[in-house]
Amino acid sequence: MNLKKILLFSILSGMTQVLIAQEPAKDVFLLQRKDWLQKAEASKPKLFETVKKPVSIVKIVKDENSFQGWRAEGNQPLSGLYDSSFKKQSGVVVDFKEHLTGYFTFTIKSIHGTPDAPLRFRFTFGEVPSELATPFDPYNGALSRAWLQDEIITVMDVPARITLPRRFAFRYLKIDLLGSSQYFDFAITDMELKATTSVDVKAAPLARSTSSLISDIDRVGLTTLKECMQTVYEDGPKRDRRLWIGDLYLEALANTQSFKKHDLTKRCLYLLAGLSREDGFLHSNVFENPEPHPQAGASFLFDYSLLYNVALKDYLDATGDRATALDLWPVAKKQTENPSKYLKADGMFDYQQAIKDNWWLFVDWSEALDREASIQGIIIYSLKQSYQLAKSLGKENEVKNLPALITRMTAAARENLYNKRTGLFESGPDKQVSYASQAWMIVSEVASKEEAERALKALSAAKDVVKPGTPYLYHYFIEAMIKSGMTKEAKDFMISYWGGMVKKGADTFWEAYDPSNDYLSPYNYFPINSYCHAWSC
Ligand code: RAM
């Protein structure tokens, strides 16, 4: 550079600095956003459609020994429904014999007389038998009543072939007749479902020697995953039907071991990045329609934003796709900046301040749970994984602060959360002992292997322990057992928990499950639970 150029350069860069000083930084990913969203679109999978028909007519009967007090019984052929007047069959239940997600079509055919008035029906779709037998109203659930899968339709012209516009997720369908004319008669026939999923491959079979219960657990898990894999990893095809980071993380793990449809993972990672907040932090969940958009407002979930980094690292490890990982690295790096903003002088995460600032600290659906220890563990674990990711990408210089931060938070956790006498990790002012705290202190390796084993053994004998509410947390608990070298116990636990759902008749794994309480619901009303839930696969 000659003197003139140097002068011009310093004037210009001085001006930029002035501009930067005046204009507060707006969208940190302004330049990348569009490209990320285009890449998400380019990786959008094709949906595979299969036409499925109901297999038989069943009765939903009360049975105290069945899951939630109801079970499906009987196996009558569909011809009984299709060949006779529907007027005498209101309330009939058909069984597709498998969990499906898709669009329902049926025919109304005239039997005799002139259709002189409309017909009115209620279609109720259920993933589990109790959804067809539990009154939905008056409704007191915490989530919208509209998620429940009952539709009232009025048909003006007969004969007709009708497709209901909403996508349903279900195994059972009940049809009630709500209105018809005495001057004509009709039958319902040719029911079918256009079932959709983005999975068109089979997972590798298990070893021949695998026990039948483990094979069943595997089959139900794969069905759950297949049903949730639509054009994003949905959390549940019945309810929420959107991309949540925590669900994506566990679905992607299972996908890597089974269907290996890595493009869906790539799409989801790009979609979340493209829809991040202007300050660069990730929204906990995003929707695809009508246009990709986040659930703006109160949707920032602290733990999920950090688990994004783990999912990105896993994606790189599974695929070797460095280009994508490098492209999205700035997002991962950004997420690592958050914990230090809430660090107390003693190295503990200031969870009370985070809550005051409206951050959602999730960990698990459990009202009783104190989240201090878990969040500390999740941060440490995610930062470690983020640093590994940085190393794989040659970016460790950009996150030089992480090793010291991890050491500091680990020391603080040991100092403040570990009870040397009992061998258990405790959380919050009341020194609460929970599965969540042990799981995350172990997964994050705050606990040594010996301490981990001691903690898990002490946990089973401890009193007033807060247990998990969902398979989501049980996943981490089992991971903790494996990390502690307790592989046999981990396997037994998996068999008893997921096998418990199988024994209770699960076709797909449930969002919330407590072996001792079939009616557990994070939303105050068990039929609104999702019974085919991503994080349970
Ligand atoms: C549930 C969703 C999803 C989960 C969030 C936190 O409502 O269905 O599975 O990630 O909550």
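Refer to the structure presented above.
These figures come from a predicted structure and were not determined experimentally.

Reading the values: rules and limits
- Residues numbered from 1 in each chain as written.
- Predicted model: local features only at pLDDT ≥ 70, side-chain atom pairs only at ≥ 80, totals over all residues.
- Heavy atoms only, no water.
- Near = heavy atom within 4 Å.
- Polar contact = N/O pair within 3.5 Å; in protein donor to acceptor, adjacent residues only side chain to side chain.
- Areas by Shrake-Rupley, 256 points an atom, 1.4 Å probe, with all protein chains shown as cover.
- Nonpolar A, V, L, I, M, F, W, Y, C, P; charged D, E, K, R; others polar.
- Buried < 20%, exposed > 50% of the residue type's maximum accessible area, 1.4 Å probe, protein only.
- Helix = DSSP H or I, 4+ residues; strand = E, 2+ residues; numbered from the N terminus.
- Pairing = 2+ DSSP bridges.
- Contact = heavy atoms within 4.5 Å.
- Phe/Tyr/Trp six-rings, centres within 6.5 Å; stacked < 30°, edge-to-face > 60°.
- Lys NZ or Arg CZ within 6 Å of the ring centre and 35° of its normal.

(A) Molecular detail of the site of the ligand. Near the ligand there are 13 residues, and of these Asp 235, Asp 247, Tyr 304, Tyr 523 and His 533 occur at the shortest range. Contact between the ligand and Tyr 304: an oxygen atom at 2.7 Å from a side-chain N or O atom of the residue. If the ligand stood free it would expose 290 Å²; the protein chains cover 98% of that surface. Taken together, the residues of the shell around the ligand break down into 7 nonpolar, 1 polar and 5 charged.

(B) Local environment of the pairing of strand E5 (residues 119-126). Within E5, 6 of the 8 residues are buried, which leaves it mostly tucked inside the rest of the structure. Where E5 meets strand E6 (residues 150-155), 6 bridges bridge the pair, whose relative direction is antiparallel. By the bridge assignment, Arg 122 is partnered in E6 with Ile 152. As paired strands, E5 and strand E8 (residues 168-179) are joined by 7 bridges and run antiparallel to one another.

(C) Here's a closer look at the environment of Pro 330. Within the fold, Pro 330 resides in helix H9 (residues 322-335). By relative accessible area, which is 27% here, Pro 330 ends up partly exposed. Contact partners of Pro 330, with chain neighbours within four places excluded, come to Phe 29 and Gln 32.

(D) Examining the packing of aromatic side chains more closely. Tallied over the full model, the rule gives 51 aromatic pairs. Seen from their ring centres, Phe 67 and Trp 510 are 3.9 Å apart, and the 10° between their planes marks the pair as stacked. You can see Phe 67 sitting in the loop between strand E2 (56-62) and strand E3 (70-76) and its partner Trp 510 sitting in the segment after helix H17 (487-503), a full 443 residues away along the chain. Looking at Phe 67, the relative accessible area reads 8%, which means it is buried. A ring pair is formed by Tyr 381 and Trp 440, whose centres lie 5.9 Å apart and whose planes are at 55°; its orientation type is tilted. Here Trp 440 lies in helix H14 (residues 435-443) and Tyr 381 lies in helix H12 (residues 372-392), a separation of 59 residues in the sequence. The structure contains a cluster of three or more aromatic residues connected by ring pairs, namely Trp 244, Tyr 249, Tyr 304, Trp 360, Phe 362, Trp 365, Tyr 381, Trp 440, Tyr 472, Tyr 476, Tyr 523 and Trp 535. Residue placement shows Lys 62 over the ring face of Trp 70; its charged tip is 4.6 Å from the ring centre. Against the face of Phe 184 rests Lys 87, its NZ or CZ located 6.0 Å from the ring centre.

(E) How the structure looks around the side chain of Arg 242. Note on placement: Arg 242 falls in the loop between helix H5 (212-228) and strand E10 (243-244). Apart from the residues lying within four places of it in its own chain, the contact partners of Arg 242 are Trp 147, Val 232, Tyr 233, Glu 234, Asp 235, Asn 285, Val 286, Phe 287 and Gln 295.

(F) Molecular detail of unusual backbone geometry. Here the amide bond leading from Asp 137 into Pro 138 is cis, since omega sits at 0°, within 30 degrees of zero. One can find Pro 138 in the loop between helix H4 (130-133) and E6. Residue Pro 290 follows Asn 289 across a cis peptide bond; omega there is 0°. Mapped onto the secondary structure, Pro 290 falls in the loop between strand E11 (285-287) and strand E12 (293-294). Its identity is not glycine, yet Asn 358 carries a phi of approximately 70°, on the positive side. By secondary structure assignment, the location of Asn 358 is in the loop between helix H11 (351-356) and H12. In the Ramachandran plot, Asp 464 falls in the positive-phi region, its phi being about 50° despite a non-glycine side chain. Within the secondary structure, Asp 464 is located in the loop between helix H15 (449-461) and helix H16 (471-483). On the basis of relative accessibility, which here comes to 74%, the residue Asp 464 falls in the exposed class.

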